[in-house]
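Spelled out from the first residue to the last, the chains are:
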Amino acid sequence: MAVPPPLHVLVVEDDPDARANLCDILELDGYRVETAGTVAEALDRENWSVITTVILDYRLPDGSAQDLLPRLRELAPKAAIIVSTGVAGLDGAILALQHGAVDYILKPVNADALRASLMRIAERQKLAWAKERTETAFRTLVEAAPSMIVILRLDQKILYLSSFAEQMTGYKAREVVGKDYFEVFVKDPGLREAFSQKLNCLVADAPLHGFDNPVVCKDGTRRWIVWNAQLLADYDDGPAILAIGQDITSLKQAQEQALQSERLAAIGQMMTGLAHESGNALARSQACLEMLAFECEDRPKALNLITRIQAAQDHLKQLYDEVRNYAAPVKLQLEPWNLALIWRQAWDNLHHLRQGKTADLREETSGLDLRCLVDQFRLGQVFRNILENSLAACQEDVEIQVLASRADLEGHPAMEIAFRDNGPGLNAEQRQRVFDPFFTTKTKGTGLGMAIAKRIVEAHGGRITVGSGLHRGAEILITLPYKKP
């Protein structure tokens, strides 16, 4: 078992006999001893890091203990200082204690009194040494753990953030220590009360296990963390909470995808039957409407009503088709394609929407090789949806930028395609719900376009997100694995 090193004592005494007497007592008890006869001689050394104790004569030829104490505290902040004094200097010794000395001894030195003082110092330093070793071992263990480890005060101020947590969240410990945990990592007032209740139970000596909540990283992404926590009765001079979190984002996503697949399969089965039956009914009603139109050729108002009914039926059929397509499994045919050719084709196919507008599509690819293994038809759907939304949002003089750059996707090479327009941009609700099924801000449409785009991109193993909001207008980012042919 490791033991702390013996005390290393510096004796500062101008009386040779007293100095020799002190050295005999100390060396007999196994202490390592150095000596000095003046302030200048005491300060003239380079090994202050090993000095654990100083026995300091109160009066020296070139100074006093009271003058030397501040300098010793700077040079050897962990060293214990004992002031040696005559009875006449007792008041000065007490003053020295007030300035950082830990004890004083009277001259002539009583060996037993000195030994008792050194034993107390040795015991304190042994405890400090053991605490330092324990804290070092704890920090080594914490730094090596692949977990998000946070230490909080009871008021939820952050005291410590592990290196793994820094890597995962993008925050450096120095940025967040002293700040409120929720203001940094949650940012959702609705979750504060639930988490505070959990912490209150923990303080009341009830363990906290398996509590999960989202953590907002510095780049705005969210990671799901499941927590185990315990109360530290005495950490940094007060109670604190040690919380250890495991990243379960992948598991959550897998569960959500499985649940989504089950829901989509059920929707798909329902919509297949519904589309079949309703298709027959719509076909019959369409035929009747066409016949009715012949009967009403001389009645413009009736013809207008018939036309509106036919348009409503067409829209209803489109709705059935889009829901069925959304629910159907995404099957890809991966082939080598230049991504620029795909978005240019999507832009050309929207020529009819650009009529009457000044619309420019600008590309910035920095000369990158844009060839990837993708499904050209499916990815064209994605690009078309994004470009169509931009054209609908911008009134006149439409400017759309497409920027391609190298990126990283979960540790693998990727290609990021950013679509930016000069429209009004997205408000908070739109940013949050843009990929939700049936969410739309258009007067026409089903609200499935971006939801389908998300499924297609994810089927490619990629990611589609809303941009940071730092640019004018809306920004949609698509990150695809860079699978070069």
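Up top is the structure.
Keep in mind that this is a model prediction, so the values were computed, not measured.

A few words now on the sheet that holds strand 1 (residues 8-12). Here we have 5 strands laid out as an open sheet, ordered 2-1-3-6-7, and parallel in their pairing. Taken across any chain shown, the strands that pair with only one partner, and hence form the sheet edges, are strand 2 (32-36) and strand 7 (103-106). Averaged over all pairs of adjacent strands, the angle between their axes in this sheet comes to 20°, without regard to strand direction. In the sheet, strand 3 (residues 53-57) pairs with strand 6 (residues 80-85) via 5 bridges, with the strands oriented parallel. If you follow leucine 56 over to strand 6, its bridge partner there is valine 83. Contacting strand 1, strand 2 and strand 3, helix 1 (residues 16-28) crosses the sheet at an angle of about 170° to strand 2.

Formed by 40 residues in total, the largest nonpolar core has its most connected members in Leu339, Trp343, Val382, Phe383, Ile417, Phe419 and Ile478. Sequence-distant contacts of phenylalanine 419, that is, excluding residues within four places in its chain, are made with Trp343, Phe383, Ile386, Leu387, Gln401, Val402, Ala474, Glu475, Ile476 and Ile478. Counting 25 residues, the second largest nonpolar core, distinct from the first, contains Leu208, Ile225, Trp227 and Ala229.

We now examine the packing of helix 12 (residues 339-348) against helix 14 (residues 376-393). When two helices pack together, their arrangement is given by the angle between the helix axes and the distance between those axes. The contact between helix 12 and helix 14 brings their axes to 8 Å, and the two run at 50°. Here helix 12 is positioned oblique relative to helix 14, judged by the angle of their axes. Seen from above, helix 12 lies across helix 14 with right-handed handedness. Here helix 12 contributes Leu339, Ile342, Trp343, Ala346 and Trp347 to the contact with helix 14, which in turn contributes Gln376, Leu379, Gly380, Phe383, Arg384, Leu387 and Leu391.

Taken N-terminus to C-terminus, the directions of helix 14 and helix 16 (residues 449-459) make an angle of 145°; their axes are 9 Å apart at the nearest point. Between helix 14 and helix 16 lies a crossing of left-handed hand. Between helix 14 and helix 16, the residues in contact are Arg378, Leu379, Gln381, Val382, Asn385, Ile386 and Asn389 and Gly449, Met450, Ala453, Ile456 and Val457, respectively. Split into classes, the residues belonging to the contact of helix 14 with helix 16 amount to 7 nonpolar, 4 polar and 1 charged.

Turning next to the pairing of strand 17 (residues 412-421). Within strand 17, 7 of the 10 residues are buried, which leaves it mostly tucked inside the rest of the structure. Strand direction decides the pairing type here: strand 16 (residues 398-409) and strand 17, joined by 10 bridges, are antiparallel. The partner of isoleucine 400 across the bridge, within strand 17, is aspartate 421. Between strand 16 and the antiparallel strand that follows it, strand 17, lie 2 residues; glutamate 410 among them carries a positive phi value of about 55°. In this structure, strand 17 lies alongside strand 19 (residues 475-481), joined through 7 bridges in antiparallel fashion. Within strand 19, the residue paired with alanine 418 across the bridge is leucine 477.

Let us look at unusual backbone geometry. That bond from lysine 107 to proline 108 is cis: its omega, -10°, falls within 30 degrees of zero. As for its placement among the helices and strands, proline 108 is situated in the loop between strand 7 and helix 5 (111-144). The phi dihedral of serine 366 is positive, around 55°, even though this residue is not glycine. Following the sequence through the fold, serine 366 ends up in the loop between strand 14 (359-364) and strand 15 (371-374).

Per the stated rule, a full pass over the model turns up 6 aromatic pairs. Geometrically, the ring pair formed by tyrosine 181 and phenylalanine 182 is edge-to-face, given 5.9 Å between the ring centres and 75° between the ring planes. This pair shows no difference in class: tyrosine 181 is buried, exactly as phenylalanine 182 is. Plain terms: the ring middles of tyrosine 181 and tryptophan 227 are 6.3 Å apart, the flat faces sit at 80° to each other, and that makes the pair edge-to-face.

The antiparallel open sheet is built from 5 strands, whose spatial order is 9-8-12-11-10. Edge strands, defined here as strands with exactly one partner in the open sheet, are strand 9 (158-161) and strand 10 (208-216). For this sheet the average axis-to-axis angle between neighbouring strands, irrespective of direction, equals 30°. Bridge count between strand 8 (residues 148-153) and strand 12 (residues 240-247): 6 bridges; the pairing is antiparallel. From the neighbouring strand, valine 150 faces strand 12, where its bridge partner is alanine 243.

Criteria and thresholds
- Residues numbered from 1 in each chain as written.
- Predicted model: local features only at pLDDT ≥ 70, side-chain atom pairs only at ≥ 80, totals over all residues.
- Heavy atoms only, no water.
- Pairing = 2+ DSSP bridges.
- Helix = DSSP H or I, 4+ residues; strand = E, 2+ residues; numbered from the N terminus.
- Axes fitted to C-alpha atoms, helices over the stretch in contact; angles between N-to-C directions.
- Contact = heavy atoms within 4.5 Å.
- Core = buried A, V, L, I, M, F, W, Y, C linked by side-chain atoms within 4.5 Å.
- Buried < 20%, exposed > 50% of the residue type's maximum accessible area, 1.4 Å probe, protein only.
- Parallel < 35°, antiparallel > 145°, perpendicular 65-115°, else oblique.
- Left-handed = near helix turned anticlockwise from the far one by under 90°.
- Nonpolar A, V, L, I, M, F, W, Y, C, P; charged D, E, K, R; others polar.
- Phe/Tyr/Trp six-rings, centres within 6.5 Å; stacked < 30°, edge-to-face > 60°.

Without other data, these values stay purely geometric and don't point to any function.
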